[in-house]
Amino acid sequence: MGTVTTNDGTSIFYKDWGPRDAQPIVFHHGWPLSADDWDGQMMFFLNEGYRVIAHDRRGHGRSSQSPTGHEMDTYAADVAALTDALDLRGAVHIGHSTGGGEVARYVARAEPGRVAKAVLVGAVPPIMLRTPDNPGGLPMEVFDGFRAALVANRAQFYLDVPSGPFYGFNRPGAHVSQGVIDNWWRQGMQGAANAHYECIKAFSETDFTEDLRRIEVPVLVAHGTDDQIVPYDDSAPLSVELLQNGRLKSYEGLPHGMLTTHPDVLNPDLLAFVKE
């Protein structure tokens, strides 16, 4: 574990496990979580011999609760500061949800040789918000509701989200894990309310269309068809159409948090893509 200090003085916490000469896999977490959300994947890839790295986005987890910079350009710049400090070459960047947007913005701008491949899992690109150019998106009222719930009672909101739509625990017959719910709440409450509030705009209103078009490396786009947070039809298929070298992998009936609920399904697929 360690920290990297960015140009504006923000301290970015990261985990860095495994052989330093092994290929690095860099994980980017979703909102409002932390690097801890990737523990299952990090242990899996560590046991496969890879170097595994995950950071807490600014204002999240153990990184600085910074007053500014809670938008995608700065998130991507923070990732660049981390990869520069660790001198990562030929890395695979894997992002979930908001982290998928962060991956798209970073990879599109990364120095040649830094990135070998990328994976977007349940990711927010191309854009979540309903606009004239994106009529299938979610209305602003949805995200205004997130903001209102966060301000009114963040602790309760951070129980309601994982207890319901995030992991599909609101579906009939779902196998509900209280530990998973509690861990989501723990990670969320560790971060800063102001950062989480502003990040809602970042993940919902940022248009990643041009980022996706610029990416030249192979990209796997993995998405559950029962994703209640980032609806499938307005995300994964549209992202693949924009990518130069993209591949779509759909998971029938799986939820937004499928990396946690179905690691036995996702992890081998991620490994197979990395090894190609």
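Located above this text is the structure these notes cover.
Before going further, it helps to examine the packing of aromatic side chains. Per the stated rule, a full pass over the model turns up 16 aromatic pairs. Relative to Tyr 158, the ring of Phe 157 lies with its centre 5.9 Å away and its plane at 35°, an arrangement referred to as tilted. Of the two residues, Phe 157 and Tyr 158, both sit in the buried class. A network of ring pairs unites the aromatic residues Trp 31, Phe 143, Phe 146, Phe 157, Tyr 158, Phe 166, Tyr 167, Phe 169, Trp 184 and Phe 203 as a single cluster. Of note, Lys 117 hangs over the ring of Phe 273, and the distance from its end group to the ring centre comes to 5.1 Å.

What follows covers the nonpolar core. One finds Trp 31, Val 107, Trp 184, Phe 203 and Ile 215 to be the most contacted residues of the largest nonpolar core, which totals 46 residues. For this core, the secondary-structure elements that each account for two or more residues are helix H2 (72-86), helix H3 (98-109), strand E6 (115-121), helix H4 (140-163), helix H5 (178-190), helix H6 (193-205), strand E7 (219-224) and helix H8 (236-242). When neighbours within four sequence positions are excluded, Val 107 is seen to be in contact with His 93, Val 115, Ala 118, Ile 215 and Val 217. Core analysis: the next-biggest nonpolar cluster, separate from the first, contains 24 residues, Phe 45, Ala 54, Ala 222 and Leu 259 among them.

In helix packing, the relevant descriptors are the interaxial angle and the interaxial distance, both defined with respect to the helix axes. Contact pair helix H1 (residues 39-47) / helix H10 (residues 263-275): the axes reach a minimum separation of 11 Å and the direction vectors enclose 50°. Taken together, the axis directions place H1 and H10 in an arrangement best described as oblique. Between H1 and H10 lies a crossing of right-handed hand. In this structure, H1 contributes Gly 40, Gln 41, Phe 44 and Phe 45 to the contact, and H10 contributes Pro 263, Asn 267, Pro 268, Leu 270, Leu 271 and Val 274. Residues belonging to the contact of H1 with H10 are distributed by class as follows: seven nonpolar, three polar and no charged.

Next up on the list: the sheet that holds strand E5 (residues 91-96). Taken together, the eight strands give an open sheet; going across it, the order is E1-E2-E4-E3-E5-E6-E7-E8, and neighbouring strands pair in mixed fashion. The two strands at the open ends of the sheet, each matched to only one other strand, are strand E1 (2-5) and strand E8 (246-251). The sheet shows a mean angle of 20° between the axes of neighbouring strands, taken without regard to direction. Summarising the sheet, E6 and E7 pair through four bridges and their orientation is parallel. Looking at the pairing, Val 121 lines up with Ala 222 of E7. Where H10 meets the sheet, it contacts strand E3 (24-28), E5, E6, E7 and E8, and its direction lies at approximately 155° from that of E6.

How each quantity is defined
Residues numbered from 1 in each chain as written. Predicted model: local features only at pLDDT ≥ 70, side-chain atom pairs only at ≥ 80, totals over all residues. Heavy atoms only, no water. Phe/Tyr/Trp six-rings, centres within 6.5 Å; stacked < 30°, edge-to-face > 60°. Buried < 20%, exposed > 50% of the residue type's maximum accessible area, 1.4 Å probe, protein only. Lys NZ or Arg CZ within 6 Å of the ring centre and 35° of its normal. Core = buried A, V, L, I, M, F, W, Y, C linked by side-chain atoms within 4.5 Å. Helix = DSSP H or I, 4+ residues; strand = E, 2+ residues; numbered from the N terminus. Contact = heavy atoms within 4.5 Å. Axes fitted to C-alpha atoms, helices over the stretch in contact; angles between N-to-C directions. Parallel < 35°, antiparallel > 145°, perpendicular 65-115°, else oblique. Left-handed = near helix turned anticlockwise from the far one by under 90°. Nonpolar A, V, L, I, M, F, W, Y, C, P; charged D, E, K, R; others polar. Pairing = 2+ DSSP bridges.

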